[in-house]
Structure formats: structure tokens, C-alpha cells
Amino acid sequence: MEEGRNLLFESGGKLPPLKYSLPMATQHLVAMIVGCVTPAIIISSAAGLSSQMQIILIQSSLVCAAASTLLQLFGITRLCGARLPVIMGVSFAYLATMQGIASTSGIAEIFGAQIIGGAIAIIIGIFAKQLRKLFPPLITGTVVFTIGLSLYPTAISYMAGGSGNASFGSWQNWLISIFTLIVVTLLNHFGKGMLKLASILLGIAAGYILSVFFGMVDLSAVKEAGLFSVPKIAPFGIRFEFSSALAFSLLFAINAVQAIGDMSATTIGGLGREPDGDELRGGIIGFGASNILSALFGGLPNATYSQNVGIVSSTKVVNRKVMAITALMLLAAGLVPKFSALLTTIPQCVLGGATVSVFASIAMTGMKLVAMQPMSYRNTSIVGLSAALGMGVSMVSESLAQFPEWVSLVFASSPVVISAIVAIILNIILPKENQNHPEG
């Protein structure tokens, strides 16, 4: 019995008995599945997709997340895949930019930009060591902080019922969203074990049940959905456009560096060592390649999931075959249209109440990275100016109305692009010897 349990702590070992491996795999699934499907629901709403196409987008994103995870776990040759215990899923980092693209240009442009971004990530993977110097924790922290801030309006809009909804801003929407948020917060701070880990999932379940009593749930799409469906190639089309590709290229560069951080945290926390060069290179190349594959099958951009990194670090369970069970459960969920259809019935106010805490944690993760650096005059200037310009321009998007349309799409649809560019440039040009410059 002890030998079977010990297999949990061997990265390349045999599959532990299911009584040990299944609970751990389920724990990983519970921690990430809400984050994996929520961007698909939000983007399908922004793009005005029909309920049938919304189901397909959720399906494709789940299946592609499963395939991306398996690629990272086991790799294809030493060049593609980290061969580390990491979980991949749809990333919120691209959400604000995708909303801008979907609402103005259509969802096909997202997948074209995703292919270009994946190619950029592959190039970064090849030169990972050299390019990593451009993205120290101060820069990645600033960008992640801005990503979190940029998602707050989406959460608030959803808490109020979702823009365009006839009941937008009603007391019923706010009651249900705040109730959902309270459940998530209580479980996060007072729950233990799976209750804490599944706080978002349980919060959504509680809010969903309450919304049933207000007549907000329509299950007709579930009845009409099939039992089994395989993703098709380019179900939404693929269209390439310069401004979208430029925005995604920068986002993929940032996320590639974020993936290096996640892989390092996984090996340090779970295996007690730094990742080697082959693991980092293979992980970033695998990140890029899996996103190109996802785009071809209509799956939204994916990235390493930090919450699953946290599980690995806290439990020390690093057996990759355990994570493979998680990926297979994701795959099974994606192949069943009825499951995806059920997810589309979740009222937007419930999603808003659950995701506002997720977006807050993203912003605070960025702040933690920033706080790791000395809060000198130089560093506070970089963080402050980058966030101010990024958020300011995106909130007053008409300030770029006199520029060509592509400029507005790249720089005004999401604050992340401006913040990243400004942070990188300032980090290069501001002299480090001025770090002790007095403020004020």
C-alpha cells in the first residue's frame, strides 16, 4: 500500500493505484475547469455566437486544453514539450484583447492571431535563455497586474447581468452575483481541502441553484445537444489581420515568460530543483505548438495554469500519469456536447460573482512579482507609468480616434499591450544607478 502511494511522488513512475491517483487528478480538474470554460463563454457572448456555436467553442477549448496538457506532460521528442507535471488551460491573459477583436472584427481573427502568436512563442522557446533577460519579474509582474485590472470591467458587467441583457443592473442579478461571491470568499478563507480548492466551482453551483428560483436558467440547449461530437478543423474560420497578430504576438511573448516562471515553480516546489535548459526550451516550444494546433481546431489560447502549479508545490504529487488522468477527464468533457451545453446555461451574474475573485487574484499575483523587487524610484516609475498609460488609453479608447483603425485595435482594445511595451522600454533606458533617487 505504501509503495503504491509513494508512486505519487515519482515524476516518471508508474500510474499509482486509482484510489490514490483519481482523487489527486480530480483535485487538479476542479481547480482549473471553471477557468478553462469561462473565457469561451465570455468571448462567444462578445462575438454574438449562436448557442450551437457557443457549445462548439467550449468543446473545442476543453479538448485542446487536454491535448496541450498531454503534450507538455509527455512531449514529442526532446524539442517539444516540457515533460513536467504541468496543466494547460485557456488563459485569461488574452481575454480583454480577444473581446476587442471578437466584438469589432469577428472571432476568426482571434485564431489567425493565435497562430502567429504560437509561432512567436516557438521562436522564444528556441532562444529562451537570451530573451528571458528582457522580461525580469518587474516587467512580468507589471503586465500580469495590468491584465488583472483590465478584467475588472468584464467581471462587473457580468455581475450586473451582462451588457445587452434586458435585465442588466437589476437587483436580482446583483443579489445572485454577490451571493456567489460571498460563497466563494467564505470557502476560500474558511474551507479546507477540497472545499477550499473547489471554492469557485462550488460558488458557481450555489449561485446557479439560487438563479433557478428566479427563472434565469433555460435548459432547452441541453436537451437539443448531442451526446458525442469530435471537434472539426477551423469551425469558426481563420483570418489573419496585422493589428490582431501584433497584439497577440506581444501577449504570447509575455505568456511564454510566465510559463518559464510556472515551470520553474513546479520543479522547485515539487521536485526540489531548477528546470534544466531542455525542459524550458521544450516547454515553451510546446506552448507555441499547442496553441497553433488549438487555433486550427477552434480552441482559444492556452497557457500553464498557476493554480495547478500551486497544487503540485503544496502536495508534492509530481507523477505525470496522475496529471494525464486530469487531461483525459477534460477530453471526455469536451467530447460531450451536453456537458458544454449545460455550461452555457450558467447565468452571467453567477459567472461574474465567481470570476471577480479570480481576476483579483491575477492582479495580486502581478503585485507579488513586483513586490519581489526593491520599491526604488526607478522601479515605481516603470510600474506606475506602464499601468497608467495602459489602463488610461484603453479606458479612453476614443483618444486614438484620429489614428488608423489598426492602431486603435492594437493599443486601445486592451491595456496589456501598451503596458508591456512601456515597461520593457523603460526597463532598458532608465539607468539602474538612479534606483535610490528620492521620490517627490
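Details of the structure are given in the entry above.
Here's what I pulled together on the structure shown here.

### Digging into the pattern of salt bridges
- By the definition in use, this model includes three salt bridges.
- Of the charged contacts, one joins Arg 273 and Glu 279 as a salt bridge, the two residues approaching to 2.8 Å between their closest N and O atoms.
- Given a relative accessible area of 33%, Arg 273 falls into the partly exposed group.
- For Asp 278, the salt bridge identified is with Arg 281, shortest N-O distance 2.9 Å. Here the residue Asp 278 and the residue Arg 281 both occupy positions in helix H13 (residues 277-296), the gap between them amounting to three residues, near one helical turn.
- Judged by its relative accessible area of 28%, Arg 281 falls in the partly exposed class.

### Some points on the packing of helix H2 (residues 18-47) against helix H14 (residues 306-315)
- Contact pair H2 / H14: the axes reach a minimum separation of 9 Å and the direction vectors enclose 145 degrees. In the packing of H2 onto H14, the handedness of the crossing is right-handed. For the pair H2 and H14, the contacting residues are Met 24, Gln 27, His 28, Ala 31 and Met 32 in the first and Gln 307, Asn 308, Ile 311, Val 312 and Thr 315 in the second.
- By residue class, the composition of the contact of H2 with H14 is five nonpolar, five polar and no charged.

### Some details on the side chain of Thr 38
- Structurally, Thr 38 is set in helix H2.
- Setting aside residues up to four positions removed in sequence, Thr 38 forms contacts with Phe 92, Leu 351 and Thr 355.

### Focus on the nonpolar core
- Ranked by internal contacts, the top residues of the largest apolar core, which has 108 residues, are Ile 110 and Leu 300.
- Per-element accounting of this core gives the leading share, 13 residues, to H2.
- When sequence neighbours within four positions are dropped, the list of residues in contact with Ile 110 reads Ile 43, Met 98, Ile 101, Ala 102, Phe 248 and Leu 300.

### A word on the environment of Leu 271
- Topologically, Leu 271 is positioned in helix H12 (residues 242-271).
- Residue Leu 271 is classed as partly exposed on the basis of its relative accessible area of 29%.
- For Leu 271, the contacting residues outside a window of four places in its chain are Ser 11, Leu 84, Thr 266 and Val 318.

Rules used in this analysis
Residues numbered from 1 in each chain as written. Predicted model: local features only at pLDDT ≥ 70, side-chain atom pairs only at ≥ 80, totals over all residues. Heavy atoms only, no water. Salt bridge = Lys/Arg side-chain N within 4 Å of Asp/Glu carboxyl O. Buried < 20%, exposed > 50% of the residue type's maximum accessible area, 1.4 Å probe, protein only. Helix = DSSP H or I, 4+ residues; strand = E, 2+ residues; numbered from the N terminus. Axes fitted to C-alpha atoms, helices over the stretch in contact; angles between N-to-C directions. Left-handed = near helix turned anticlockwise from the far one by under 90°. Contact = heavy atoms within 4.5 Å. Nonpolar A, V, L, I, M, F, W, Y, C, P; charged D, E, K, R; others polar. Core = buried A, V, L, I, M, F, W, Y, C linked by side-chain atoms within 4.5 Å.

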